Amino acid sequence: MCDSLTPVCDRKYAILGTGALGGFYGAKLQQAGYDVHFLLKSDYEHVSKSGLLIESKDGDFTLPQVKAYNDVEQMPQCDVVIVALKTTQNHLLPKLLPPLVKDGGVVLVLQNGLGVEEDISQIVKNVQVIGGLCFLCSNKVGAGHIRHLDYGKITLGEYTPKYDPAPLTERIQYVANDFETAGITIELATDLLLARWQKLLWNIPYNGLSVILNARTDELMTDAHTRILVEQLMNEVAAGAKSSGRVIPDSFIQTMLNYTVKMKPYRTSMKIDYDEGRPLEVEAIFGNPLRKAQAAGANLPQISCMYHQLKFLTQRNGIA
Ligand SMILES: NC(=O)C1=CN([C@@H]2O[C@H](COP(=O)(O)OP(=O)(O)OC[C@H]3O[C@@H](n4cnc5c(N)ncnc54)[C@H](OP(=O)(O)O)[C@@H]3O)[C@@H](O)[C@H]2O)C=CC1
Ligand SMILES: CC(C)(CO)C(=O)C(=O)O
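For clarity, every value in this text was computed on a predicted model and none was experimentally measured.

*Asks:* Any chance you could explain the pairing of strand β3 (residues 52-56) here in plain terms?
*Replies:* Burial of β3 is one-sided: the residues Leu52, Ile54 and Ser56 facing one way are buried, the residues Leu53 and Glu55 facing the other way are not. Two elements, β3 and strand β4 (residues 61-63), share three bridges in a ladder whose sense is antiparallel. Bridge pairing in β4 places Ile54 opposite Phe61. Following β3, the chain reverses through four residues before pairing antiparallel with β4; Gly59 in that reversal takes a positive phi of roughly 125°. The pairing of β3 with strand β9 (residues 145-158) spans four bridges and is classified as parallel. Residue Glu55 lies in a different strand from β9, and its bridge partner there is Arg147.

Listed below in structure tokens is the structure:
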């Protein structure tokens, strides 16, 4: 394996799920010279023939040729495997991950939600699991066609048993360097659990309310009543974090509110999934944090209410 100082080397990356997020970051890594292997499902034929098209606010580009697969058994073992499926597909990971990740390699989880690293550490042994929180607005708009609308920064943190804070290692450093070489801003965190709760502070109110109230982010922030609701939900997420011994200060809540006011009007990814009749990431984003907080004795009534509303909607619409 190449060391952390090698700017671009023969490190092999696998993208598990070449959609809005995996397609974008995978294409950026390939564009920077890394050896990237893309796992696809419905877009496999198209991408094998025509590659990927990335429309990005940082500049459009095409990759006419990519290494595309529809079967992990055909893929080479990779140094870094990026999990970029929707969490609703994570039941496939026991089949997808073991043949793909090198012994001593890295599994990088770029999904939203809580608890996925813990599950993955049970599936593959002798690999390092790293979590990444992506501040990205990207959509897949057609076969092999990704539209990157805004942002892109990733916060990376190493997973350790029980999510104990971890010092930065050489491994996380080289993953960070590779992404930075590809033009992605990286922040390194020594406390992955805190970083995950901080990301949930955005996802829980906006993803949930966007579906339940049929609203974009700008509508939720303009209306005085929904703005209060967002803030109350953020405070409950902070209470959930506190039950895990993590402190999210009020100033962070204010920063997230201001950040969303300045965002281009955005239909959240959960809302897009809902509108398209696809399963929603309800368990990873709502169920797991709720269960973790409840196990620690914390009561989060508004998040619990939202969780049950979303479960109702997904069951009624047959997308559970
Ligand atoms: N999009 C964004 O801006 C952000 C997304 N995230 C998180 O990133 C994760 C991924 O989201 P996103 O990229 O938006 O989702 P997408 O649905 O766009 O991408 C997931 C991809 O996985 C593919 N896939 C599903 N099952 C398989 C399979 N069995 N084999 C191969 N490929 C498969 C899908 O292919 P097919 O279309 O053929 O089903 C799809 O292209 C989620 O956890 C999301 O919450 C986090 C921050 C921002
Ligand atoms: C906050 C946002 C919209 C972009 O930063 C995001 O990361 C998400 O959709 O999960």
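*Asks:* What am I meant to see in the side chain of Arg196 here?
*Replies:* Considering the arrangement of structural elements, one finds Arg196 in helix α6 (residues 192-212). Among residues more than four places away in sequence, those in contact with Arg196 are Val109, Gln111, Asn112, Gly113, Leu114, Glu117, Gly131, Gly132 and Leu133.

*Asks:* Sorry if this is basic, but what is going on with the site of ligand 1 here?
*Replies:* For ligand 1, the set of nearby residues contains 23 residues, the closest of which are Ala20, Leu21, Ser42, Asn112 and Glu281. Leu136 places a main-chain nitrogen or oxygen 3.0 Å from an oxygen atom of ligand 1. At 2.9 Å, a backbone N or O of Ser138 approaches an oxygen atom of ligand 1. If ligand 1 stood free it would expose 900 Å²; the protein chains cover 87% of that surface. Mapped by element, the contributors of at least two residues to the shell around ligand 1 are α1 (20-31) and β8 (128-142). A per-element tally of the shell around ligand 1 places β8 first, with five residues. For the shell around ligand 1, a count of residues per class yields 11 nonpolar, seven polar and five charged.

*Asks:* What should I look at first to understand the site of ligand 2 in this one?
*Replies:* Around ligand 2, a shell composed of Asn112, Cys134, Phe135, Leu136, Cys137, Lys199, Trp202, Asn203, Tyr259, Met263 and Tyr266 is seen. Taking Asn112, its side chain carries an N or O atom lying 3.2 Å from an oxygen atom of ligand 2. Mapped by element, the contributors of at least two residues to the shell around ligand 2 are β8 and α6. In terms of residue count, β8 provides more of the shell around ligand 2 than any other element does, four residues in total. Split into classes, the residues belonging to the shell around ligand 2 amount to eight nonpolar, two polar and one charged.

*Asks:* Can you help me understand α1 in this one?
*Replies:* At 3.6 residues per turn, the α-helix brings residues three or four places apart onto the same side. Look at α1: 17 Å from first C-alpha to last across 12 residues, which is about the 16 Å you get at 1.5 Å a residue. For α1, a buried count of 10 out of 12 residues is recorded, marking the element as mostly surrounded by other parts of the structure. Residues Leu21, Gly22, Gly23, Phe24, Tyr25, Gly26, Ala27, Lys28, Leu29 and Gln30 constitute the buried set of α1.

*Asks:* Is there a simple way to explain the UniProt feature "domain: Ketopantoate reductase N-terminal" (unreviewed entry) in the protein chain in this structure?
*Replies:* Under the local residue numbering, the UniProt record ascribes the feature "domain: Ketopantoate reductase N-terminal" (unreviewed entry) to residues 13-159. Structurally, residues 13-159 is divided into 21% helix and 44% strand, and its ends, taken at the C-alpha atoms, are 19 Å apart.

*Asks:* Before we go on, may I ask you to explain the packing of aromatic side chains in this structure?
*Replies:* For any pair of aromatic rings, the description consists of the separation of the ring centres together with the inter-plane angle of the planes. If you walk through the whole model with that rule in mind, you get eight aromatic pairs. On the numbers, 6.0 Å between centres and 70° between planes, the contact of Tyr25 with Phe179 is edge-to-face. Here Tyr25, found in helix α1, pairs with Phe179, found in helix α5 (residues 170-181); they are 154 residues apart in sequence, far enough to count as distant. Note on accessibility: Tyr25 and Phe179 belong to one class, buried. Ring centres of Trp202 and Tyr266 lie 6.5 Å apart, and the angle between their planes is 50°; on these two criteria the pair is classed as tilted. Taken together, the positions of Trp202 in helix α6 and Tyr266 in the loop between α9 (250-262) and α10 (269-275) put the pair 64 residues apart, joining distant regions of the chain. Each member of the pair, Trp202 as well as Tyr266, is classed as buried. Members of the aromatic cluster, connected to one another through ring pairs, are Tyr13, Phe24, Tyr25, Tyr34 and Phe179. Lying over the aromatic face of Phe135, Lys199 brings its terminal NZ or CZ to 5.1 Å of the ring centre.

So, how was this worked out
- Residues numbered from 1 in each chain as written.
- Chains lettered and ligands numbered in written order.
- Predicted model: local features only at pLDDT ≥ 70, side-chain atom pairs only at ≥ 80, totals over all residues.
- Heavy atoms only, no water.
- Buried < 20%, exposed > 50% of the residue type's maximum accessible area, 1.4 Å probe, protein only.
- Helix = DSSP H or I, 4+ residues; strand = E, 2+ residues; numbered from the N terminus.
- Pairing = 2+ DSSP bridges.
- Contact = heavy atoms within 4.5 Å.
- Near = heavy atom within 4 Å.
- Polar contact = N/O pair within 3.5 Å; in protein donor to acceptor, adjacent residues only side chain to side chain.
- Areas by Shrake-Rupley, 256 points an atom, 1.4 Å probe, with all protein chains shown as cover.
- Nonpolar A, V, L, I, M, F, W, Y, C, P; charged D, E, K, R; others polar.
- Expected span 1.5 Å × (residues − 1).
- UniProt positions renumbered as here; feature names shortened; annotations may be inferred.
- Phe/Tyr/Trp six-rings, centres within 6.5 Å; stacked < 30°, edge-to-face > 60°.
- Lys NZ or Arg CZ within 6 Å of the ring centre and 35° of its normal.

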